[in-house]
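Structural overview for review
Listed below, chain by chain, are the residues.
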Amino acid sequence: MGLCLIASTSLMDGLGVVLAALTAAAGLGFVIFVHELGHFAVARMCGVKCEKFMIGFDFWGLKLSRKLGETEYGIGVFPLGGYVKMFGQDDDPGRTAEQIEASTVTEDSDYAVAKKNPDGSTRWVDGRSYQAKAVWQRMLIISAGVVMNVIFAAVFAFLAFGIGVEYQPCVVGTTTPGSPAWQAGLESGDEIVRIGDRTEPGFDHLKRDVSLADLEAGVDFGVKRRGSDTVESLRLYPKKTGSMAMIGMATSNETTLNKHKAAFPGTAAAVAEPPFEPSDRITAINGQPVTTHRELTAQLVSLADKAIEVTVQRGGQPASETNSVAAETLTVTVAPTPAKRLGLVMTMGPIVAVQQGSPAEAAGLEAGDKITAIDGKPIGAAPDGEPSLDPLTLPKLLASTTGPVTLTVVRADSADGDQPEAIEVTPRPVTWEEAPSGSAPMSAPALGVAYTIEPTVVSVVAGSPAEAAGLMPGDSIASAVVSTMDPKKKKASAGSKIKFGEAKPVWPAFTAEVARLLDGNSVKLTIQRGEETLTKTLEPAAIDDSYLVGRGFIYMPILREREIGSVGEQASYALDRTWFSLTTVVRFLQKLASQQVDASNLGGPITILGSAYLIAGEDLPAFLLFLTMLSANLAVLNFLPIPVLDGGHMVFLAYEGLTGRPANEKLTVVLHVIGMVLLLSLMIYVTKNDIVNWFF
């Protein structure tokens, strides 16, 4: 991918790629360097002879090195780590006897120091060896690497805030149907201005505090509603969705198109003429000015089925500003984007959540209720072949209704034989979009209800891809694989298998993905028909009057810069960020142990290198904060009480300090082997995660 990018860009772009790679490598190398420098410097201050100072591991003797004085300095072939080799010390406990022998001297030798053996006998060792130093000195040497990482985490953060740090404010863009944020009625344009005691939080604070929260206690938020200066106190209870706990909120965007790519390839926005360019700012739709993303979305929602005139400002500054360069203004026509469908009408499930302040709540609808008809028209299959409603298109139907509707509702607590209730509800106007993702349910924003769609076919749309493929009522969809065609390579690639069923209510998100597919893409369905398992491949098509709202535009997120008034404030922000990074690692490990966070969230060397490269090429302050996080990670993980890590060495030293003699060598070897097996297993696991997340 990188080679293709370099070959297809200008020379300056190619230099930018190289510079980003070099910056990433230098930053990661420096984090390792300061860790090892801590060990090296304190060891030298304690009078220990240091034989090697290596960045990377020199496996099989492969290295670039030079000896200066008594120490060999070098870079090893394997770059993910480093070490300081001290006289009389080796991380391999199996070589303890060799190290003891190498540092053993006679009683009358210069610098001879008496030391206790594990069996209580006395030996004489060279005073310049690691073994000769007091326990407290060896503790200082071992802990110095971690201390240096903490110090430089703060240094990186201090430099970042001195340059100027941008952050994503917690302005609500969208909420996930059925999620805690959705149920609480958070709307586009609302802003979370406080999380616990923290004011002006960034979205990174929100993600951390939500995913690592006490799920029973919830999280206390201060919310400023759109158009209001009043801060409302709101407690939300995150729910584990997928691999971690969430409240179901995404941040808002600007009306400015992304600075790298203005639109997704093959979409209506991407093929419009004249073409949109990165960083164009949308200022009006059909002549109606838009200044916020909510206003822009409202226009796109109301005009989803029509061609629109999009006015953009390109380059410069608005001409009304003093000493400004006038921007170019142009108008581009963008066609509507029909949503693709398979032509399957699935089983309507029960309501799983009702939004606060919604028409549904006012009408008394509750979770567990099931809507079976609207104005007498059944949802799903109908008797005698009468027309029926599709639960997938109910949101559009209700949003287009101007007056009250009568819902036929089977209550959650209904007994057999109870008659369904008729409930009158007046849908509200909808000027926003609610798109399901993951295992989120379907929502009807005009009512404020979220409901499930079960993967059992109740009818097939005439003339649809599903009918052509021979699907029938009663079929159960077990899984699907979406194959997408790359518009440039003209080659299809299959995605991962999507499984359906009660434990995986993902049909709404699957159909949302299908709706966005380009021509030539296909879906492979695995179908259970009685005892028979069938496989069908369908090419989705536009079979009704449903349209996509977004049209393929890609936007810039809302960004703000932290205002720093003094060096003291800069230092305060830096220390806060360092503490944030350190406590995030600790809390993550705690939640990992309690299974609130899945191990699939762990990243390894590919994630570290890839993230460093992407951030280094984007923004220097952001890269420095990335190094703050990485340095804090290295400090905490290295101090875990696992043999072969610095924390494990500290445990053995603590034992020696308490008992007056080293730990039993055989026990030490066994514990080190166990620790090494754990670390190797972890490395294999996180590398597997990296490969899956970055390449599949």
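Keep in mind it's a predicted model, so treat the numbers as computed, not measured.

A word on the pairing of strand β1 (residues 50-57)
- With 6 of 8 residues buried, β1 lies mostly within the body of the structure.
- Sheet analysis places β1 next to strand β3 (residues 71-76), joined by 4 bridges and oriented parallel. Within β3, the residue paired with Lys52 across the bridge is Glu72.

Describing the environment of Asp475
- In this fold, Asp475 is placed in the loop between α11 (465-468) and β29 (476-486).
- Note: C-alpha distance between Asp475 and Met346 (129 residues apart in sequence) is 9.7 Å.
- Leave out the neighbours within four places in its chain, and Asp475 touches Pro455, Thr456, Val457, Ile527, Gln528 and Arg529.
- Engagement of the side chain of Asp475 in a polar contact is seen with the side chain of Arg529, the distance being 2.8 Å.

Observations concerning the sheet that holds strand β24 (residues 377-378)
- Within the open sheet, the 4 strands sit side by side as β24-β23-β25-β26. Their pairing is antiparallel. Whereas interior strands pair on both sides, the edge strands pair on one side only; in this sheet they are β24 and β26 (421-425).
- Where strand β23 (residues 370-374) and β24 come together, 2 bridges link them in antiparallel fashion. Note that in β24 the partner of Ala373 across the bridge is Pro378.

What to know about the pairing of strand β28 (residues 449-460)
- Here strand β22 (residues 344-354) runs beside β28; their pairing, made up of 8 bridges, is antiparallel. Paired with Val345 across the bridge in β28 is Ser459.
- In this structure, strand β27 (residues 442-444) lies alongside β28, joined through 3 bridges in antiparallel fashion. Bridge pairing links Ala444 to Val449 in β28.

Let's talk about the packing of aromatic side chains
- Counting across every chain of the model gives 18 aromatic pairs.
- Relative to Phe53, the ring of Phe40 lies with its centre 5.2 Å away and its plane at 85°, an arrangement referred to as edge-to-face. On the criterion of sequence distance, the pair formed by Phe40 in helix α2 (residues 11-45) and Phe53 in strand β1 is long-range, its members being 13 residues apart.
- Assessed through its relative accessible area of 6%, Phe53 is described here as buried.
- Between Phe500 and Phe510, the aromatic rings sit 5.3 Å apart at their centres with planes inclined by 65°, giving edge-to-face as the arrangement. Here Phe510 lies in helix α12 (residues 507-515) and Phe500 lies in the loop between β31 (498-499) and α12, a separation of 10 residues in the sequence.

Quick look at the packing of helix α6 (residues 203-211) against helix α13 (residues 567-593)
- Contact geometry of α6 with α13 gives a least axis separation of 11 Å together with a crossing angle of 30°. Between α6 and α13, the interaxial angle falls into the category roughly parallel. Along this stretch, α6 crosses α13, giving a crossing that reads as left-handed. Only Arg577, Phe580, Thr583, Thr584 and Arg587 of α13 make contact with α6, whose side of the interface consists of Asp204, His205, Arg208 and Asp209.
- Looking at the contact of α6 with α13, its residues break down into 1 nonpolar, 3 polar and 5 charged.

Quick look at α12
- In terms of burial, α12 is a largely internal element, 8 of the 9 residues being buried.
- What α12 keeps buried is the set Trp507, Pro508, Ala509, Phe510, Thr511, Ala512, Val514 and Ala515.

Description of the nonpolar core
- Judged by nonpolar contacts, the single largest core of 48 residues is most densely connected at Leu344, Ile477, Phe510 and Leu525.
- Examining the composition of this core, we find that 5 residues originate from one element, β22, more than from any other.
- In this structure, Ala268, Ala272, Val310 and Leu330 belong to the second largest nonpolar core, which totals 23 residues.

Quick word on a nonpolar patch on the surface
- On the surface, Phe59, Trp60, Leu62, Val77 and Phe78 cluster together to form a nonpolar patch covering roughly 570 Å² of accessible area.
- Checked against the element boundaries, Trp60 lands in the loop between β1 and β2 (63-68).
- Among the residues examined, Trp60 registers a relative accessible area of 77% and is labelled exposed.

Let's talk about the confidence of the model for the protein
- Predicted confidence across the protein gives a mean pLDDT of 87, with 89% of residues reaching 70 or more.
- Across residues 1-12 the pLDDT falls below 50, and counting only partners more than four positions away or on other chains, this stretch makes 4 contacts in the model.

Points about a negative patch on the surface
- A surface patch of like charges, here negative, comprises Glu166, Glu200, Glu561, Glu563 and Glu569.
- Position of Glu569 relative to the elements: it lies in helix α13.
- What makes Glu569 partly exposed here is its relative accessible area of 30%.

With respect to the environment of Leu625
- Tracing the backbone through its elements, the reader meets Leu625 in helix α15 (residues 620-638).
- Between the C-alpha atom of Leu625 and that of Leu159, which follows or precedes it by 466 residues, the distance is 9.0 Å.
- Excluding residues within four positions of it along the chain, Leu625 makes contact with Ala157, Ala160, Phe161, Val165 and Arg577.

Details of a positive patch on the surface
- Together, Lys497, Lys499, Lys504 and Lys524 line one region of the surface with positive charge.
- For Lys524, the position within the fold is in strand β32 (residues 522-529).
- Look at Lys524 and you get partly exposed, because its relative accessible area is 44%.

Side note on the side chain of Ser479
- In this fold, Ser479 is placed in strand β29.
- A relative accessible area of 7% means that Ser479 is categorised as buried.
- Aside from chain neighbours lying at most four places away, what touches Ser479 is Lys497, Ile498, Lys499, Phe500, Lys524, Leu525 and Thr526.

Concerning the pattern of salt bridges
- Overall, the coordinates contain 26 salt bridges when judged by the stated rule.
- The shortest N-O distance in the salt bridge between Asp190 and Arg225 comes to 2.8 Å. With a gap of 35 residues between them, Asp190 in the loop between α5 (180-183) and β9 (191-195) and Arg225 in the loop between β11 (219-224) and β12 (231-236) connect regions that are remote in the sequence.
- In this structure Asp190 comes out as buried when scored by relative accessible area, which is 2%.
- Between Asp544 and Arg341 there is a salt bridge, with its nearest N and O atoms 3.8 Å apart. Taken together, the positions of Asp544 in the loop between β33 (532-538) and β34 (547-548) and Arg341 in the loop between β21 (337-338) and β22 put the pair 203 residues apart, joining distant regions of the chain.
- Classification of Arg341 by relative accessible area gives buried; the value is 14%.
- The network of salt bridges with common partners includes Lys52, Asp58, Lys63 and Glu72.

Brief notes about the packing of helix α4 (residues 135-163) against α13
- Between α4 and α13, the least distance of the axes is 8 Å, while the angle of their chain directions is 130°. With respect to their mutual orientation, α4 and α13 come out oblique. Considering how the two elements wind past one another, α4 and α13 form a crossing that is right-handed. Counting all contacts with α4, which are made through Val150, Ala153, Ala154, Ala157, Phe158, Phe161 and Gly162, the residues of α13 involved are Val567, Gln570, Ala571, Tyr573, Ala574, Leu575, Arg577, Thr578 and Leu582.
- Looking at the contact of α4 with α13 residue by residue, the class counts come to 12 nonpolar, 3 polar and 1 charged.

The rules behind each value
- Residues numbered from 1 in each chain as written.
- Predicted model: local features only at pLDDT ≥ 70, side-chain atom pairs only at ≥ 80, totals over all residues.
- Heavy atoms only, no water.
- Buried < 20%, exposed > 50% of the residue type's maximum accessible area, 1.4 Å probe, protein only.
- Helix = DSSP H or I, 4+ residues; strand = E, 2+ residues; numbered from the N terminus.
- Pairing = 2+ DSSP bridges.
- Contact = heavy atoms within 4.5 Å.
- Polar contact = N/O pair within 3.5 Å; in protein donor to acceptor, adjacent residues only side chain to side chain.
- Phe/Tyr/Trp six-rings, centres within 6.5 Å; stacked < 30°, edge-to-face > 60°.
- Axes fitted to C-alpha atoms, helices over the stretch in contact; angles between N-to-C directions.
- Parallel < 35°, antiparallel > 145°, perpendicular 65-115°, else oblique.
- Left-handed = near helix turned anticlockwise from the far one by under 90°.
- Nonpolar A, V, L, I, M, F, W, Y, C, P; charged D, E, K, R; others polar.
- Core = buried A, V, L, I, M, F, W, Y, C linked by side-chain atoms within 4.5 Å.
- Patch = residues over 30% accessible without salt bridge, like charges linked within 9 Å, V, L, I, M, F, W, Y side chains within 5 Å.
- Areas by Shrake-Rupley, 256 points an atom, 1.4 Å probe, with all protein chains shown as cover.
- Salt bridge = Lys/Arg side-chain N within 4 Å of Asp/Glu carboxyl O.
- pLDDT = per-residue confidence, 0-100.
- Lys, Arg positive; Asp, Glu negative; His and termini not counted.
- Charge placed at Lys NZ, Arg CZ, Asp CG, Glu CD.

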